[in-house]
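Fold and contact review
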Amino acid sequence: GLQIWELITQVRALGIKHGATQMKGDPQAGAAIFRANCSRCHAVAGEGALSGPDLTAIGAKRSYAELRGSLGDRDAEVASEYWSVVATDSTGRKIRGVRLNEDTFSLQIRNEEGRLLSLRKGDLKDVELIRRSPMPSFAGKLSDAQMDGVIAWLVSLGRQQ
């Protein structure tokens with residue numbers, strides 16, 4: 001018979017770990033809830049704002065538990081690609097945004113207006129990396145069924161990719 005580790009490997013290879021076995025929300029209701037609560041900061045399939053990460057493919061990348069955790073506790077686990085920065089230039093002006101890329105000499109961010117900026121580190125006085133999410137917690141604001149709907153919708157989008 002199959003060893004447990006072989007079974008786990010097969011299940012993961014099928015992508016079942018991405019919440020497919022646990023889906024219980026109404027995706028259509030979830031889409032409306034997303035548009036009302038999340039699209040001020042997040043875009044999906046070209047619709048919405050860009051001050052937060054684009055969530056078009058998030059349903060294919062994160063498990064149900066991870067997505068649920070993000071909605072309930074915004075700082076549960078913020079992946080490094082969603083860290084934000086506050087850079088201070090030589091004049092003392094603060095530049096805020098989502099950190100997109102960084103190397104030895106430069107930092108690329110998407111600012112709060114959604115514009116892409118490339119900053120030379122040599123021109124900056126200070127760069128503060130923020131590993132917390134600026135997203136508000138939806139615990140107590142959205143019901144379990146509403147959160148499940150948003151997750152079901154995001155997962156359904158991920159499957160269409």
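In short, a report on the structure.

Reading the values: rules and limits
Here the residue numbering is sequential within each chain, running from 1 through the sequence in written order. Only residues with pLDDT of at least 70 get local features here, since the model is predicted, and only at 80 or more are side-chain atom pairs given and counted; chain-wide, interface and lining totals rely on the full set of residues. Based on all heavy atoms of the structure, the side-chain values leave hydrogens and waters out of the count. Salt bridges are counted wherever a side-chain nitrogen of Lys or Arg sits within 4 Å of a carboxyl oxygen of Asp or Glu. Under the scheme used here, helices are H or I runs from DSSP no shorter than 4 residues and strands are E runs no shorter than 2 residues, and both carry numbers assigned from the N terminus. Each Phe, Tyr or Trp ring, with Trp reduced to its six-membered ring, pairs with another whose centre is within 6.5 Å; inter-plane angles below 30 degrees give stacked pairs, above 60 give edge-to-face pairs, and intermediate values give tilted ones. Relative accessibility decides the category of a residue: with a 1.4 Å probe and only protein chains considered, values under 20% of the type maximum give buried, values over 50% give exposed, and everything between is partly exposed. Buriedness for pockets is judged along seven lines, at least five of which must meet protein on both sides within 12 Å for an open set on the 1 Å grid over protein atoms alone, while cavities are sets there where a 1.4 Å probe fits but cannot get out, and lining residues have an atom within 4 Å of a point. Grid points are joined across faces, edges and corners, and a volume is the space filled by probe spheres set on the points. Charged residues are taken to be Asp, Glu, Lys and Arg, nonpolar residues to be Ala, Val, Leu, Ile, Met, Phe, Trp, Tyr, Cys and Pro, and polar residues to be all remaining types, Gly included. Take the buried Ala, Val, Leu, Ile, Met, Phe, Trp, Tyr and Cys residues and link them wherever side-chain atoms come within 4.5 Å; each set so joined is a nonpolar core.

**Re the pattern of salt bridges**
In this structure the tally under the stated criterion is 6 salt bridges. Linking K121 and E102 is a salt bridge whose minimum nitrogen-to-oxygen distance equals 2.8 Å. A residue pair is termed long-range when its members are at least 10 positions apart, and K121 in the loop between β6 (116-120) and β7 (124-130) and E102 in strand β4 (residues 94-102) qualify at 19 residues. Within this structure, R68, D144 and D148 form a network of salt bridges that share partners.

**Re the packing of aromatic side chains**
A complete count under the given rule lists 1 aromatic pair for this structure. Pairing F34 with W153 gives two aromatic rings, centres 5.1 Å apart and planes at 50°, and the pair type is tilted. With F34 in helix α2 (residues 27-37) and W153 in helix α5 (residues 144-160), this residue pair connects regions lying 119 residues apart in the sequence. By relative accessible area, F34 is classed as buried at 2%.

**Quick look at empty space enclosed by the protein**
Evaluated as defined, the whole model comprises 1 cavity of 30 Å³ or more. Every residue lining the largest cavity is listed: F34, R35, S39, V44, E47, G48 and W153. Counting only elements with at least two residues in the lining of the largest cavity, the list comes to α2 and β2 (47-48). Looking at the lining of the largest cavity residue by residue, the classes come out as 3 nonpolar, 2 polar and 2 charged.

**Description of the layout of surface pockets**
Volume-wise, the largest pocket comes out at about 980 Å³. Put simply, the parts of the chain that give the lining of the largest pocket at least two residues each are α2, α4 (64-72), β3 (84-89), β4, β5 (106-111) and α5. Here the lining of the largest pocket takes 6 residues from α4, the largest share from any one element.

**Considerations on the nonpolar core**
Residues F34, V44, W153 and L154 are the most contacted members of the largest nonpolar core, which totals 23 residues. Counting only elements with at least two residues in this core, the list comes to α2, α4 and α5. Residues V85, A87, I109 and L124 belong to the second largest nonpolar core, which totals 8 residues.

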